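Here is how the chains run, residue by residue.
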Amino acid sequence: MKKNDLILVAILLLLAVAGFALFTSFQTEGDVAVLLIDGEETARFSLSENTERVIETAWGTNTLVIEDGEAYVREADCPDGICVAHRPISRVGETVVCLPHRVVIKVETTVAQDAPDMVVQ
Amino acid sequence: MRERTKKITFLGLFATVALILAYVEAMLPPIYAAVPGIKVGLPNVVVLFLLYRYGVKEAAAVSLVRLALATLLFGNVTMLWYSLAGAVLSLTVMVITKRLRVFSTVGVSVLGGVFHNLGQVLVAMLLLETAEIGYYMFVLAFSGILAGIFIGLGGAFLLKKLPL
């Protein structure tokens, strides 16, 4: 039965690695950080403007910082501090999440992805 | 009657062990990958052991008791949904996989680990209405596999050595 375990692990690892490689290869730099609290979009911040915003929720406080085109959480009073430890994000689809505070910061782009690059008249 | 009392006592002990493992794991310094907060899931060694030694009911009972106590003692209510989803999905997959008799405890545990993380990610995606949270699965699948191997080997060892 051990052999099947190895095959399973090999297939799963392959899927995970391949999926990750594909995903990151299609990632593009974003230009806006969206703040969601408890699933509701609350604010949008341009990544090109350095900002600092203290986010107060019913469950706690997080300090969002936008600096050099990246967004990160500088400090938070949540019990796990995962949001603070997360590295700064800047690419479309990346997120920094504070589960206890129900805070999500995600990067989006305002540039239309599948619009034509050029139209020849 | 004595056999039943003995079993209940042991299950109580196992639940306590699982709880302590959960606590110890929470106290350990985090192993950072791309996502801090990744855990090995040490309590699952107990659940896996119980699943093989006794059965679904015993494994589920101890798993749920551990969750409830851990949340009450050192967690918050929000955490309960995530843990519950992960534990239920994980145990369901493990029961099905075990019945197929295709894998050893390692294979069962690997799938358990991956689906545990998947359950938590799905709940996060739902509650926070953010599909992008799903992207964490790339890293979490990887850690789930590794943790599953470790837990699976541990469970196999216990099953062989523990005379209970």
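Placed above this text is the structure.
Here goes a summary of the coordinates provided. Nothing here was measured: the structure is a model prediction, and the numbers come from that model. Sequence order sets the numbering: in each chain, residues are counted from 1 along the sequence as written. Chain letters start at A and ligand numbers start at 1, both assigned in the order the entries are written. Local features in a predicted model are, by the rule used here, given only for residues with pLDDT of at least 70; side-chain atom pairs are given and counted only at 80 or more, and totals for whole chains, interfaces and linings are based on all residues. Processing note: side-chain calculations cover all non-hydrogen atoms of the structure and skip hydrogens and water entirely.

**Quick notes on the pattern of salt bridges**
Next up, step 1: Think of a salt bridge as a Lys or Arg side-chain nitrogen and an Asp or Glu carboxyl oxygen that are within 4 Å of each other. Scanning the model with the defined rule gives nine salt bridges over all chains in all.
Next up, step 2: A salt bridge links R44 of chain A to E41 of chain A; the nearest nitrogen and oxygen atoms lie 2.7 Å apart.
Next up, step 3: For the exposure calls, accessible area comes from a 1.4 Å probe over protein chains only, and a residue counts as buried if that area is under 20% of its type's maximum, exposed if over 50%, partly exposed in between. For E41 of chain A, a relative accessible area of 46% gives the class partly exposed.
Next up, step 4: A salt bridge links R44 of chain A to E108 of chain A, with the nearest nitrogen and oxygen atoms 2.6 Å apart. Of this pair, R44 of chain A sits in strand β2 (residues 40–46) while E108 of chain A is found in strand β7 (residues 103–108), placing the two residues 64 residues apart along the sequence.
Next up, step 5: Among the ionic contacts, a cluster of salt bridges with common partners joins E41, R44, K106 and E108 of chain A together with E132 of chain B. We count a stretch as a helix when DSSP gives it H or I for four or more residues in a row; a strand needs E for two or more, and each element gets its number in order from the N terminus.

**A few points about a nonpolar patch on the surface**
Residues and elements named next belong to chain B.
Next up, step 1: The patch calculation keeps residues exceeding 30% relative accessible area without a salt bridge and links them within 9 Å when they carry like charges or within 5 Å when they are nonpolar (Val, Leu, Ile, Met, Phe, Trp, Tyr). A 1.4 Å probe and the Shrake-Rupley method give the accessible areas. Residues count as covered only by the protein chains that appear here. Together, I20, Y23, V24, M27, L28, V65, L69, L72, L73 and F74 make up a nonpolar patch on the protein surface, roughly 950 Å² of accessible area in all.
Next up, step 2: At the level of secondary structure, the elements contributing two or more residues to the nonpolar patch comprise α1 (2–27) and α3 (56–74).
Next up, step 3: Tracing the backbone through its elements, the reader meets V24 in helix α1.

**Points about the interface of chain A and chain B**
Next up, step 1: Here, residues are in contact when the closest pair of their heavy atoms is within 4.5 Å. Across the contact, 28 residues belong to chain A and 30 residues belong to chain B.
Next up, step 2: Summed over both partners, the accessible area (1.4 Å probe) lost when two parts come together is defined as the buried area. Roughly 2600 Å² is buried in total at the junction of chain A and chain B, and carbon and sulfur atoms are behind 72% of that figure.
Next up, step 3: Inspection of the chain A/chain B interface yields one salt bridge.
Next up, step 4: Two residues, E132 of chain B and K106 of chain A, come together in a salt bridge whose shortest N-O distance is 3.3 Å.
Next up, step 5: Polar contacts here mean pairs of N or O atoms no more than 3.5 Å apart (in protein, one a potential hydrogen donor and the other a potential acceptor; neighbouring residues in sequence count only if both atoms are side-chain atoms). In this structure, the connection of chain A to chain B is made through six residue pairs in polar contact (both at pLDDT 80 or more).
Next up, step 6: Those elements giving two or more residues to the side of chain A that touches chain B turn out to be α1 (2–25), α2 (82–85), β6 (95–98) and β7 of chain A.
Next up, step 7: When residues of the side of chain A that touches chain B are assigned to their parent elements, the largest contribution, eleven residues, is made by α1 of chain A.

**What about a negative patch on the surface?**
Residues and elements named next belong to chain A.
Next up, step 1: Taken together, the side chains of E29, E67, D68 and E70 present a region of like negative charge at the surface.
Next up, step 2: Secondary-structure assignment places E70 in strand β5 (residues 70–76).
Next up, step 3: Accessibility expressed as a relative area gives 31% for E70, which makes it partly exposed. Just so you know, the count uses Lys and Arg for positive and Asp and Glu for negative, and it drops His and the chain ends. Charge coordinates come from a single atom per side chain, which is NZ of Lys, CZ of Arg, CG of Asp or CD of Glu.

**Remarks on the sheet that holds β7 of chain A**
Residues and elements named next belong to chain A.
Next up, step 1: A pair of strands is treated as paired once DSSP finds two or more bridges between them. Pairing in this open sheet of four strands is antiparallel, and the strands run β2-β1-β7-β6 from one edge to the other. With partners counted over all chains shown, the strands left at the sheet margins are β2 and β6, one partner each. Sheet twist, expressed as the mean angle between neighbouring strand axes with direction ignored, is 20°. Geometry is summarised by axes, namely lines fitted to C-alpha atoms with helices restricted to the contacting stretch, and by angles between N-to-C directions that run from 0 to 180 degrees.

**Side note on the sheet that holds strand β3 (residues 51–57) of chain A**
Residues and elements named next belong to chain A.
Next up, step 1: Reading across from one edge, β3-β4-β5 is the order of the three strands in this open sheet, with antiparallel pairing throughout. The sheet is open, and its two borders are formed by β3 and β5, each paired with just one other strand. Across the sheet, the mean angle separating the axes of adjacent strands is 25° when strand polarity is ignored.
Next up, step 2: As paired elements, β3 and strand β4 (residues 60–67) share seven bridges and run antiparallel to each other. Counted as the bridge partner of E56 is T61 from β4.

**Notes on the environment of E25 of chain B**
All names here are of chain B.
Next up, step 1: Within the secondary structure, E25 sits in helix α1.
Next up, step 2: On the basis of relative accessible area, E25 is assigned to the buried category, the value being 11%.
Next up, step 3: Along the sequence, E25 and L164 sit 139 residues apart, while their C-alpha atoms lie 25 Å from each other.
Next up, step 4: Here L42 takes part through its backbone nitrogen, which lies 2.9 Å from a polar atom of the side chain of E25.

**Focus on the side chain of T71 of chain B**
All names here are of chain B.
Next up, step 1: Within the secondary structure, T71 sits in helix α3.
Next up, step 2: Judged by its relative accessible area of 9%, T71 is buried.
Next up, step 3: A polar side-chain atom of T71 sits 2.7 Å from the main-chain carbonyl oxygen of L67.
Next up, step 4: When residues no more than four places from it in sequence are discounted, the contact partners of T71 are N76, V77, M79 and L80.

**Notes on the pairing of β5 of chain A**
All names here are of chain A.
Next up, step 1: Alignment of β4 against β5, held across six bridges, turns out to be antiparallel. Of the residues in β5, the one forming a bridge with V65 is Y72.
Next up, step 2: Here β4 folds back onto β5 in antiparallel fashion, the turn holding two residues, of which D68 has a positive phi close to 55°.

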